[in-house]
Amino acid sequence: MRIAQLCPPWLAVPPKGYGGIEWVVALLADGLAEAGHDVTLFATGDSVTKARLEYVFETAPGTKAINDIVLDATHTMFSLRGARERFDVLHVHSPFSALAASVETGVPTVHTLHGSFTPEMNRLYSFVADRAWFVAISRAQMASNPSLRYAGVVYNGIDTDLYALREDKEDFVLFLGRAAPEKGWLRAIEAAKLAGVRLVSAVKIAHPTEEEEWERRIRPALPPDAEVLGEISQEEKVDLLQRAKAVLFPIDWPEPFGLVMTEAMACGTPVIGTPRGSVPEVIEDGRTGFIVSVERYPEEAAERLQRLAEIDPRACRERVERLFSKRAMVEGYERVFERVVSEA
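Structural notes, computed from the coordinates. If you're wondering where the values come from, they're calculated on a predicted model, not measured in any experiment.

The helix and strand tally for the protein chain stands at 14 helices and 13 strands. Radius of gyration (C-alpha) of the protein chain: 20 Å, near the 20 Å computed for a compact globule of 344 residues. Oriented by its inertia axes, the alpha-carbon framework of the protein chain measures out at about 60 × 40 × 35 Å. Expressed as a percentage of the 344 residues in the protein chain, the buried residues total 57%. Within the protein chain, contacts between residues separated by at least 24 positions form 64% of all contacts whose residues are at least 6 apart in sequence. For the protein chain, the accessible surface area stands at approximately 14200 Å², while carbon and sulfur atoms represent 50% of it. Separation of charge centres in the protein chain, based on 39 positive and 51 negative side chains, amounts to 2 Å.

What follows is the structure in structure tokens.
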């Protein structure tokens, strides 16, 4: 099958630091190419892939350029030249100009819903609800907007070879993500304080709301022993995930899918999350981590940190290999593409 993968033009594939979507696209493009498909990846020139790489921007501009409309439109116009003659299916990972233009090419278009359904995004999607095929990355996400034409649910996968299981842990807990308020960094800090355990944080602070959260709420709340890192490399992230005795995931928004949870569990590290978005689908409560309330997250997470001996690191790893691996994701998208092309 001739498949185009259209990734946003902000970050390289795979990303050098922050970038969940770009990791998913990197694995998917490689996996589809390994499966024998003719795959073209439209990304930035500093990307690395087993697919055919085509680009208009040689170097990724970085996180501060995310959602830049000129970059987005230029990348889209470059990527879709001659699409009707070149491809059997277009797989679009950006909801903006790439999706709008792809449905006009006559080529079956699949769009993965990497973000949440805000009122603005619901309005945008309403114009192509029956013209594109949508893939949800969790059942919770699909249930929150049933009006779209879905081709299926495919969980984001990770390359488990990159996340070796480690059963002996060190005495710290980890927070990974953005400094946005809904990610719950402050709740993680409070939980670590109550449990008397050191917190290590690796956080993207680039957007104005993230900078404001850092200056006004996070910096004053940090205890003296807290370690705060910025955006880190993949190797540094894996090292932290392997050594941490738990990952704190105190989100307060309907996150469609949190890769951090699967990355942690692949390393044998339990996750303490909240019942928001995909969390109940990813974490098996009491077996691969714990699910606690948002309102009492610090108190309940601190209590669960005393019960980590109940979690078998090998059970965490097994769940990821079965449900959230690169292989499972590639097979899921193959089924989606076959369905879309046959119905077209």
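This brings us to unusual backbone geometry. Note that the residue after Val-13, namely Pro-14, is joined by a cis bond; omega there is -5°. Tracing the sequence through the fold places Pro-14 in the loop between strand 1 (2-6) and helix 1 (20-34). Non-glycine residue Asn-67 carries a positive phi angle of around 75°. Considering the arrangement of structural elements, one finds Asn-67 in the loop between strand 3 (52-54) and helix 2 (69-79). For Asn-67, a relative accessible area of 46% puts it in the partly exposed group.

Before going further, it helps to examine the sheet that holds strand 8 (residues 172-178). Taken in spatial order, the six strands line up as 10-9-8-11-12-13 in an open sheet, and their pairing is parallel. Across the chains shown, the open sheet's two edge strands, defined by having one partner strand only, are strand 10 (227-229) and strand 13 (289-291). Ignoring which end each strand starts from, the neighbouring axes of this sheet average 20° apart. Alignment of strand 11 (residues 246-249) against strand 12 (residues 271-273), held across three bridges, turns out to be parallel. For Val-247, the partnering residue across the bridge sits in strand 12 and is Val-271. Here helix 10 (residues 259-266) sits on the sheet and contacts strand 8, strand 11 and strand 12; the angle it forms with strand 11, its principal contact strand, is near 170°. This element, helix 12 (residues 297-305), spans strand 8, strand 11, strand 12 and strand 13 of the sheet and lies at about 155° to strand 12.

All right, on to the sheet that holds strand 5 (residues 109-112) then. Spatially, seven strands are ordered 3-2-1-4-5-6-7 in an open sheet, and the strand pairing comes out parallel. At either end of the open sheet lies a strand with only one pairing partner, and these are strand 3 and strand 7 (150-153). With strand direction ignored, the average angle separating the axes of adjacent strands in the sheet is 20°. For strand 1 and strand 4 (residues 89-92), the ladder comprises four bridges, and the chain directions are parallel.

As a further point, take the state of the cysteines. The full count for this structure, using the stated rule, is zero disulfides. The structure places no disulfide on Cys-316, whose sulfur is separated from the nearest cysteine sulfur, that of Cys-267, by 10 Å. Taking the relative accessible area as the measure of exposure, Cys-316 reaches 0% and is therefore buried.

So, about the pairing of strand 2 (residues 38-42). Within strand 2, four of the five residues are buried, leaving the element largely enclosed by the surrounding structure. Sheet analysis places strand 1 next to strand 2, joined by five bridges and oriented parallel. Counterpart to Ile-3 in the pairing with strand 2 is Val-39. Examined bridge by bridge, strand 2 and strand 3 share three bridges and lie parallel to one another. Following the sheet pairing, Thr-40 is matched in strand 3 by Arg-52.

The interhelical angle for the contact between helix 7 (residues 185-195) and helix 12, taken along N-to-C directions, is 50°, at an axis separation of 8 Å. With respect to helix 12, the axis of helix 7 lies oblique. Crossing of helix 7 over helix 12 shows right-handed handedness. Note on element contacts: helix 12 touches helix 7 through Tyr-297, Pro-298, Glu-299, Ala-301, Ala-302 and Leu-305, opposite Arg-187, Glu-190, Ala-191, Leu-194 and Ala-195. Across the contact of helix 7 with helix 12, the residue classes tally to eight nonpolar, no polar and three charged.

Parameters and conventions
- Residues numbered from 1 in each chain as written.
- Predicted model: local features only at pLDDT ≥ 70, side-chain atom pairs only at ≥ 80, totals over all residues.
- Heavy atoms only, no water.
- Helix = DSSP H or I, 4+ residues; strand = E, 2+ residues; numbered from the N terminus.
- Rg over C-alpha atoms; globule rule 2.2 N^0.38 Å.
- Buried < 20%, exposed > 50% of the residue type's maximum accessible area, 1.4 Å probe, protein only.
- Contact = heavy atoms within 4.5 Å.
- Areas by Shrake-Rupley, 256 points an atom, 1.4 Å probe, with all protein chains shown as cover.
- Lys, Arg positive; Asp, Glu negative; His and termini not counted.
- Charge placed at Lys NZ, Arg CZ, Asp CG, Glu CD.
- Pairing = 2+ DSSP bridges.
- Axes fitted to C-alpha atoms, helices over the stretch in contact; angles between N-to-C directions.
- Disulfide = S-S within 2.5 Å.
- Parallel < 35°, antiparallel > 145°, perpendicular 65-115°, else oblique.
- Left-handed = near helix turned anticlockwise from the far one by under 90°.
- Nonpolar A, V, L, I, M, F, W, Y, C, P; charged D, E, K, R; others polar.

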